[in-house]
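Structural features, examined
Residue-level listing of the chains:
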Amino acid sequence: MKVGDYIGALYKKTKPDGKEVWELCESKITRIVQNTKGTRVYSKRFNALDIDEIQSNTEMMEEADNFILVREVVLLNEITRPKYERWVKWANENPDEVKSILQ
């Protein structure tokens, strides 16, 4: 992970017409800062994030076949970006099929 890479997360948004849709919200990494509390990743769209959490989420999504993380930031790479883009398309075409394991 380096400055200039993209990170992103899936969020459900309500459009002005009231329709709810899923979107991939993404942002470019603007800086990475290491200090005594750990390594933080900064971007214009997301608050400062722990690099270990992003890496863990990314690894999970690279290996996952039957679930997807929402509202959790991942590195958007050649594996995760297409997976997220396909999921957003599917979820918006099949809103009744989207299920949460937390319910």
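In this text, all values refer to a predicted model and were calculated from it rather than measured experimentally. (Residues numbered from 1 in each chain as written. Predicted model: local features only at pLDDT ≥ 70, side-chain atom pairs only at ≥ 80, totals over all residues. Heavy atoms only, no water.)

1. Section: the pairing of strand β1 (residues 6–14)
Both faces of the sheet carry side chains from a regular strand, because those side chains alternate between them. The condition that has to hold: When DSSP finds two or more bridges between two strands, those strands count as paired. Under the scheme used here, helices are H or I runs from DSSP no shorter than 4 residues and strands are E runs no shorter than 2 residues, and both carry numbers assigned from the N terminus.
Relative to strand β2 (residues 20–35), β1 is paired through nine bridges, and the arrangement is antiparallel. Paired with Thr-14 across the bridge in β2 is Glu-20. Remark: five residues form the turn of the hairpin made by β1 and β2, two consecutive strands paired antiparallel; Gly-18 in that turn has positive phi of roughly 95°.

2. A word on the pairing of β2
Summarising the sheet, β2 and strand β3 (residues 38–43) pair through six bridges and their orientation is antiparallel. When the sheet's bridge partners are listed, Gln-34 is paired in β3 with Thr-39. From the end of β2 to the start of β3, which pair antiparallel, there are two residues.

3. With respect to the environment of Lys-2
Convention followed: Per-residue accessibility, obtained with a 1.4 Å probe over protein chains only, is compared with the maximum for each type, and a residue is labelled buried under 20%, exposed over 50%, and partly exposed between these values. Contacts are residue-level and defined by heavy atoms, with any inter-residue pair within 4.5 Å sufficient. Each polar contact in these results corresponds to two N or O atoms within 3.5 Å; when the atoms are within protein, one needs to be able to donate a hydrogen and the other to accept it, and residues that are neighboring in sequence are counted only if both atoms are side-chain atoms.
Mapped onto the elements, Lys-2 comes out in the segment before β1. Look at Lys-2 and you get exposed, because its relative accessible area is 51%. Leave out the neighbours within four places in its chain, and Lys-2 touches Ile-29 and Ile-32. Here Asp-5 takes part through its side chain, which lies 3.0 Å from a polar atom of the side chain of Lys-2.

4. Here's the deal with the packing of helix α1 (residues 51–63) against helix α2 (residues 80–93)
For any two helices packed against each other, one specifies the crossing angle of their axes together with the interaxial distance. Formally: Between N-to-C directions, angles span 0 to 180 degrees; the directions come from axes that are lines fitted to C-alpha atoms, helices contributing only their stretch in contact. Here the angle decides the label: under 35 degrees means roughly parallel, over 145 means roughly antiparallel, 65 to 115 means roughly perpendicular, and every other value means oblique. By convention the crossing between two helices is left-handed if the near helix lies anticlockwise of the far one by an angle smaller than a right angle, and right-handed if it lies clockwise. All residues other than Ala, Val, Leu, Ile, Met, Phe, Trp, Tyr, Cys, Pro, Asp, Glu, Lys and Arg, Gly among them, are scored as polar; the first ten of these are nonpolar and the last four charged.
Remark: α1 packs on α2, axes separated minimally by 10 Å, with the N-to-C direction vectors making an angle of 70°. In terms of orientation, α1 and α2 fall into the roughly perpendicular class. For the pair α1 and α2, the sense of crossing is left-handed. Of the residues in α2, those touching α1 at Thr-58, Met-61 and Glu-62 are Thr-80, Lys-83 and Tyr-84. In the contact of α1 with α2, the residues fall into two nonpolar, two polar and two charged.

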